[in-house]
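# Observations on chain architecture
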Amino acid sequence: MATTNPVQFIQQVRAEVGKVVWPTRREVLLTTVMVFIMAALTAVFFALVDLLIRTGLTGILGMFG
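### Concerning the overall build of the protein
Along its length, the protein carries two helices and zero strands. A compact globule built from 65 residues would reach a C-alpha radius of gyration of about 11 Å, whereas the protein, at 26 Å, exceeds it by more than 25%. Relative to its full complement of 65 residues, the protein shows a buried share of 0%.

### As for the pattern of salt bridges
Using the criterion set out here, one finds two salt bridges in the structure. A salt bridge links E16 to K19; its shortest N-O distance comes to 3.2 Å. Of the two residues, E16 and K19 both sit in helix 1 (residues 6-19), three residues apart, roughly one turn of that helix. For E16, a relative accessible area of 46% translates into the label partly exposed. Taking the relative accessible area as the measure of exposure, K19 reaches 58% and is therefore exposed. For R54, the salt bridge goes to D50, with nearest N and O atoms at 3.7 Å. On the criterion of helical spacing, the pair formed by R54 and D50 is a turn pair, its members being four residues apart in helix 2 (residues 25-64).

### Looking at the packing of aromatic side chains
Per the counting criterion, the structure on display carries one aromatic pair. Centre to centre, the rings of F45 and F46 are 5.1 Å apart; their planes meet at 70°, and the pair counts as edge-to-face. Note on F45: relative accessible area 49%, which makes it partly exposed. What makes F46 exposed here is its relative accessible area of 51%.

### Considering helix 1
A rise of 1.5 Å per residue sets the reference length of helix 1, with its 14 residues, at 20 Å; its end C-alpha atoms lie 20 Å apart and thus fit the reference within 8%. Sitting at the amino-terminal end of helix 1 is N5, which places a side-chain oxygen 3.0 Å from the backbone nitrogen of V7.

What counts and what doesn't
- As a convention, each chain's residues are numbered from 1 in the sequence order in which they are written.
- pLDDT decides what is reported in this predicted model: residues at 70 or higher carry local features, side-chain atom pairs at 80 or more are listed and counted, and totals for whole chains, interfaces and linings draw on all residues regardless.
- The side-chain numbers reported here are obtained from all heavy atoms of the structure, hydrogens and water having been left aside.
- In DSSP terms, a helix is any run of H or I states spanning at least four residues, a strand is any run of E spanning at least two, and both are numbered starting from the N terminus.
- As a reference, a globule follows 2.2 Å times the number of residues to the power 0.38, and the radius of gyration itself is taken over C-alpha atoms.
- Burial classes follow relative accessibility: with a 1.4 Å probe on protein chains only, a residue under 20% of its type's maximum area counts as buried, one over 50% as exposed, and anything between as partly exposed.
- Here, a salt bridge means any side-chain nitrogen of Lys or Arg that lies within 4 Å of a carboxyl oxygen of Asp or Glu.
- Working definition: rings of Phe, Tyr and Trp (its six-membered ring) pair if their centres are within 6.5 Å, and the pair is stacked with planes under 30 degrees apart, edge-to-face with planes over 60 apart, and tilted otherwise.
- Expected helix span is given by 1.5 Å per residue-to-residue step, counting one fewer step than there are residues.
- Any N or O atom pair separated by 3.5 Å or less is treated as a polar contact, with the protein-specific requirement of one donor-capable and one acceptor-capable atom, and with residues adjacent in sequence counted only for side-chain atom pairs.

Okay, structure coming up:
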């Protein structure tokens, strides 16, 4: 592996950072809102699945207990 002196390394890092396309404030806001919405929908889904399984098991165990 070739070694690079620190000055060249910093120059290369700055050049690469300059190529980065940063998201706009609106894109960040929309993405954040979508993440919260998807997390809430996932939480509701798993709560309903948990309720269904718990109700089913309670019913089955009630018949045999």
